Amino acid sequence: MAQYGWSVIGAGPAGIAAVGKLLDHGVSGDDMVWLDTAFGAGDFAAKWGAVPGNTPVSQFLEYLHGSSAFQFAGGPPFALNDIDPAQTCPLGVVADPLLWISRHLRDRVISRQTVATELSLDKRCWTVRTEQETITAKNVILAVGAEPKKLSYPGLREIPLDTALDPRKLARIPLQEATVAVFGASHSTMIALPNLLSTSVRKVINFYRSPLKYAVCYRNWTLFDDTGLKGQAASWARENIDGTWPDRLERHCVLGPEFDEQLRTCDHVVYTIGFERRQSIATPQWGPLDYNTANGILAPGLFGVGIAYPEYRTDPLESGHYRIGLLKFMQRLKTVMPLWLRYGT
């Protein structure tokens, strides 16, 4: 049975950052095993490349320079470097350097292309069961990612979120004369709506619960930083949701008396209502484990990071929010990694 000091499960942006920061703190690559099914920068690269980002390029660059182990400054030329740092960009532009970093980090650590299925703690060591082998590690970092949340309206044909956010994928679906329900009022919603309206749909109906939120820079912080609309999505929403609705778009509150009647007119549905942790690893000793939202600790020697285990923070005006984004994952690791290195089994 292979035994290591550290195991990192997941190779999306948070998992890449975790491996980088462990190396930065002097953990030997021979004492670390990195597990992932594809090592393709996670869903960030596989599903969301066509999505217009809501993060300025400067923050992506800060993430990429946030670990000396990334060696980003010495990497090949990337299109990201040629974009105005104050502007946003499609997420696929950021995926290219992530894939490059992932490849050369794999050369420095032990990696296994496999699925981790179960975790258990015994004799002050974690047992990680995978499809191919059993691994033991003193410490484990979970960076398992998240899946889009869904509602249950079985009479409607679901359009997957990654399809609704990618015009090329969306063009492959026959939507002529279709009426599409879109649930939500998020960044994803304001990308999906114009994408759908650019097809031959008969109508798009946006079902929402509350007024839109917009992120606003204020002094040295941002109001609704993680919950408000930004970038291209915010601009479109101001003009087309809080401004004048485009032809073929309707909006109805899910709490309104007309909800059921309007929903019956739809034949397709898109859910843009957020994400939830990917439940891929069982912990039969305890059942589902919760985590400390301030420091990412689940148990002694077991830690979580990324969109599955985001930090919760209160801004200066007492508005609480979960911090999601590449730079925020890196910033959290810089803060908690020294603690994690001491809080083992």
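Residues numbered from 1 in each chain as written. Predicted model: local features only at pLDDT ≥ 70, side-chain atom pairs only at ≥ 80, totals over all residues. Heavy atoms only, no water.

**A look at the domain arrangement of the protein chain**
Here comes step 1: One can read the domain layout of the protein chain as domain 1 (3-147 + 275-341) and domain 2 (150-271).
Here comes step 2: Look at where the C-alpha atoms of domain 1 and domain 2 centre, and you get two points 29 Å apart.
Here comes step 3: Taken residue by residue, the interface counts 18 residues in domain 1 and 15 residues in domain 2.
Here comes step 4: Taken together, the two surfaces of domain 1 and domain 2 that pack against each other cover about 1,400 Å², and 62% of this comes from carbon and sulfur.
Here comes step 5: Ranking the residues of domain 1 by area buried against domain 2 places Ala50, Pro52 and Asn54 at the top, with a combined share of 32%.
Here comes step 6: The closest approach of N and O atoms between aspartate 225 and lysine 328, which form a salt bridge, is 3.0 Å.
Here comes step 7: Element by element, the count of residues in the side of domain 1 that touches domain 2 is highest for strand β19 (residues 320-323), at three residues. (Domains from an automatic or database assignment. Contact = heavy atoms within 4.5 Å. Buried area = accessible area lost by both parts, 1.4 Å probe. Salt bridge = Lys/Arg side-chain N within 4 Å of Asp/Glu carboxyl O. Helix = DSSP H or I, 4+ residues; strand = E, 2+ residues; numbered from the N terminus.)

**Digging into the sheet that holds strand β13 (residues 249-253)**
Here comes step 1: With respect to topology, five strands assemble into an open sheet ordered β8-β14-β9-β10-β13, the strand pairing being parallel. Pairing within the sheet leaves two strands with one partner each, and these edge strands are β8 (157-158) and β13.
Here comes step 2: Taken together, the four bridges between strand β9 (residues 179-183) and strand β14 (residues 268-271) define a ladder with parallel strand orientation. Bridge pairing in β14 links alanine 181 to valine 269. (Pairing = 2+ DSSP bridges.)

**Describing unusual backbone geometry**
Residues other than glycine predominantly adopt negative phi, and peptide bonds predominantly adopt the trans conformation.
Here comes step 1: A positive phi angle, close to 55°, is found at phenylalanine 39, a residue other than glycine.
Here comes step 2: Along the chain, phenylalanine 39 turns up in the loop between β2 (32-36) and α2 (42-46).
Here comes step 3: For phenylalanine 39, a relative accessible area of 7% puts it in the buried group.
Here comes step 4: Positive phi, normally seen in glycine, also occurs at glutamate 177, with a value near 65°.
Here comes step 5: Mapped onto the fold, glutamate 177 is located in the loop between α6 (167-170) and β9.
Here comes step 6: Owing to a relative accessible area of 53%, glutamate 177 belongs among the exposed residues under this scheme. (Buried < 20%, exposed > 50% of the residue type's maximum accessible area, 1.4 Å probe, protein only.)

**Structural notes on the layout of surface pockets**
Here comes step 1: Estimates place the volume of the second largest pocket at around 450 Å³.
Here comes step 2: Forming the walls of the second largest pocket are 22 residues, and the residues nearest its centre are Gln59, Thr222, Asp225, Lys230 and Lys328.
Here comes step 3: Sorting the residues of the lining of the second largest pocket by element identifies β12 (221-223), β18 (311-314), β19 and α10 (326-340) as the ones contributing at least two each.
Here comes step 4: Among the elements that take part in the lining of the second largest pocket, α10 stands out by supplying three residues, more than any other.
Here comes step 5: Its residues assigned to classes, the lining of the second largest pocket comprises seven nonpolar, nine polar and six charged. (1 Å grid on protein atoms, 1.4 Å probe; cavity = no way out; pocket = protein on both sides within 12 Å on 5 of 7 lines; lining within 4 Å. Points joined across faces, edges and corners; volume = space filled by probe spheres on them. Nonpolar A, V, L, I, M, F, W, Y, C, P; charged D, E, K, R; others polar.)

**Considerations on the packing of aromatic side chains**
Here comes step 1: Under the criterion given, the structure shown has 17 aromatic pairs.
Here comes step 2: Three or more aromatic residues link up through ring pairs in this structure, and these residues are Tyr153, Phe183, Phe207, Phe259 and Tyr271. (Phe/Tyr/Trp six-rings, centres within 6.5 Å; stacked < 30°, edge-to-face > 60°.)

**What to know about the state of the cysteines**
Here, disulfide denotes a covalent bond that connects the sulfur atoms of two cysteines.
Here comes step 1: Under the criterion given, the structure shown has zero disulfides.
Here comes step 2: Considering cysteine sulfurs only, cysteine 266 is the nearest to cysteine 253, which forms no disulfide, with 15 Å between them. (Disulfide = S-S within 2.5 Å.)

**Points about empty space enclosed by the protein**
Here comes step 1: Counted according to the given criterion, the structure contains one cavity of 30 Å³ or more.
Here comes step 2: The volume enclosed by the largest cavity comes to roughly 40 Å³.
Here comes step 3: Every residue along the wall of the largest cavity is listed here: Val305, Gly306, Tyr309, Pro310, Glu311, Arg323, Lys328, Phe329 and Arg332.
Here comes step 4: No other element matches the three residues that α10 contributes to the lining of the largest cavity.

**A few points about the environment of tyrosine 309**
Here comes step 1: Within the secondary structure layout, tyrosine 309 lies in the loop between β17 (302-304) and β18.
Here comes step 2: Given the relative accessible area of 6%, tyrosine 309 is considered buried.
Here comes step 3: Along the primary structure tyrosine 309 and isoleucine 141 are separated by 168 residues, whereas in three dimensions their C-alpha atoms are 11 Å apart.

**Concerning α10**
Here comes step 1: With 15 residues, α10 should reach 21 Å at 1.5 Å per residue; the first-to-last C-alpha distance of 20 Å fits that figure.
Here comes step 2: At lysine 334, α10 shows its maximal bend, which comes to roughly 35°, and the proline proline 338 appears one to four places after that position.
Here comes step 3: Listing the buried residues of α10 in full gives Leu326, Leu327, Lys328, Phe329, Met330, Arg332, Leu333, Val336, Met337 and Trp340. (Expected span 1.5 Å × (residues − 1). Bend = angle between axes of the 7 residues up to and from the residue.)

**Structural notes on the pairing of strand β1 (residues 2-9)**
Here comes step 1: Most of β1 is tucked away: six of the eight residues are buried.
Here comes step 2: In this sheet, strand β6 (residues 134-142) lies alongside β1 in parallel orientation, the contact comprising seven bridges. Bridging across to β6, tryptophan 6 finds its partner in asparagine 139.
Here comes step 3: As a crossover connection, the stretch from β1 through helix α1 (residues 13-24) into β2 is right-handed. (Right-handed = clockwise from strand over helix to strand, strands pointing away.)

**Overview of the nonpolar core**
Here comes step 1: With 77 residues, the main nonpolar core has Ile141 and Trp340 as its most contacted residues.
Here comes step 2: The element that contributes the greatest number of residues to this core is helix α4 (residues 91-106), accounting for eight residues.
Here comes step 3: Two domains share this core, each providing at least three of its residues, namely domain 1 (3-147 + 275-341) and domain 2 (150-271).
Here comes step 4: Those residues within four positions of isoleucine 141 in sequence are excluded, and the remaining contacts are Trp6, Ser7, Val8, Ile9, Ala18, Leu22, Phe303, Val305, Met337 and Trp340.
Here comes step 5: In terms of nonpolar packing, the next biggest core, distinct from the first, is built from 21 residues, Leu35, Ala137, Ala299 and Leu302 among them. (Core = buried A, V, L, I, M, F, W, Y, C linked by side-chain atoms within 4.5 Å.)

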